[in-house]
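# Descriptive analysis of the structure
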Amino acid sequence: LIMVPTCTQKFFDWEINKDDITKDGNEDTEESDKRKNFLNFRILCKLIGSLDLKSQIATLNIFANSSEYEMISMVLMQSEIFLNHLFEVLDTQGIEEEELTTRCFYILLNGINAVSESKDIDKTEILGKFKALNDWEDAILKIVRATSDEDIKEMGLEILKALK
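Heads up: these notes are all about the structure in this document. (Residues numbered from 1 in each chain as written. Predicted model: local features only at pLDDT ≥ 70, side-chain atom pairs only at ≥ 80, totals over all residues. Heavy atoms only, no water.)

## Looking at the side chain of serine 50
- With respect to the secondary-structure elements, serine 50 resides in the loop between α2 (29–47) and α3 (53–66).
- At a separation of 3.1 Å, a polar atom in the side chain of serine 50 contacts the main-chain amide nitrogen of aspartate 52.
- Residues in contact with serine 50, not counting those within four places in the same chain, are Ser55 and Gln56. (Helix = DSSP H or I, 4+ residues; strand = E, 2+ residues; numbered from the N terminus. Polar contact = N/O pair within 3.5 Å; in protein donor to acceptor, adjacent residues only side chain to side chain. Contact = heavy atoms within 4.5 Å.)

Below is the structure:
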């Protein structure tokens, strides 16, 4: 999935306005594929909060590697489902589980950079949605203050600085 960009892009290609799909019925193949892609994306997002640490790390690895691609970073930064699951992990496990925190911060930095460098989007709208999420700043500050890992601290401060 990660090694072939076209496969990765297809997985994240769902161009649907809502983060919630309940419609079932007869649809054309392209629309049906996009719905399947979106449902798979939702399942992957839910796995971020798995009770099994190894599953969480594996899932965040998929997102971290995928976030290397600008288009996917943009999708992630605009998805409330994804960001809510990501910040739930940062808020509840961020201090104790540095492997999770490193991956979460890496994804966020890739997303912030993609948004900042893009010429085709409204940066203030996307970053505004991101900033509107509850307690994102508190979760990151809590980790930055508590960690002894300098790389995590630096990434956290970079995220905070970029979003100010």
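## As for helix α5 (residues 80–93)
- In this model, α5 (14 residues) spans 19 Å end to end at C-alpha, consistent with the 20 Å of a helix rising 1.5 Å per residue.
- Residues of α5 that are buried include every one of Ile81, Phe82, Leu83, Leu86, Phe87, Val89 and Leu90, and no others. (Expected span 1.5 Å × (residues − 1). Buried < 20%, exposed > 50% of the residue type's maximum accessible area, 1.4 Å probe, protein only.)

## What about the nonpolar core?
- Membership of the largest hydrophobic core comes to 44 residues, with the highest contact counts inside it found for Phe63, Phe82, Phe105 and Leu108.
- At the level of elements, α2, α3, α4 (70–78), α5, α6 (98–117), α7 (123–132), α8 (136–146) and α9 (150–162) are the ones that each hand at least two residues to this core.
- Broken down by element, this core gets its largest block of residues, nine residues, from α6.
- Excluding anything up to four places from it in sequence, phenylalanine 63 contacts Phe12, Phe41, Leu44, Cys45, Ile48, Leu76, Phe82 and Ile107. (Core = buried A, V, L, I, M, F, W, Y, C linked by side-chain atoms within 4.5 Å.)

## Structural notes on the packing of α6 against α9
- One way to put it is that α6 packs onto α9 with a least axis distance of 10 Å and a crossing angle of 35°. Here α6 and α9 pass one another in a crossing that is left-handed. Counting all contacts with α6, which are made through Glu98, Thr101, Thr102, Phe105, Tyr106, Leu108, Leu109 and Ile112, the residues of α9 involved are Ile152, Met155, Gly156, Glu158, Ile159 and Ala162.
- For the contact of α6 with α9, a count of residues per class yields nine nonpolar, three polar and two charged. (Axes fitted to C-alpha atoms, helices over the stretch in contact; angles between N-to-C directions. Left-handed = near helix turned anticlockwise from the far one by under 90°. Nonpolar A, V, L, I, M, F, W, Y, C, P; charged D, E, K, R; others polar.)

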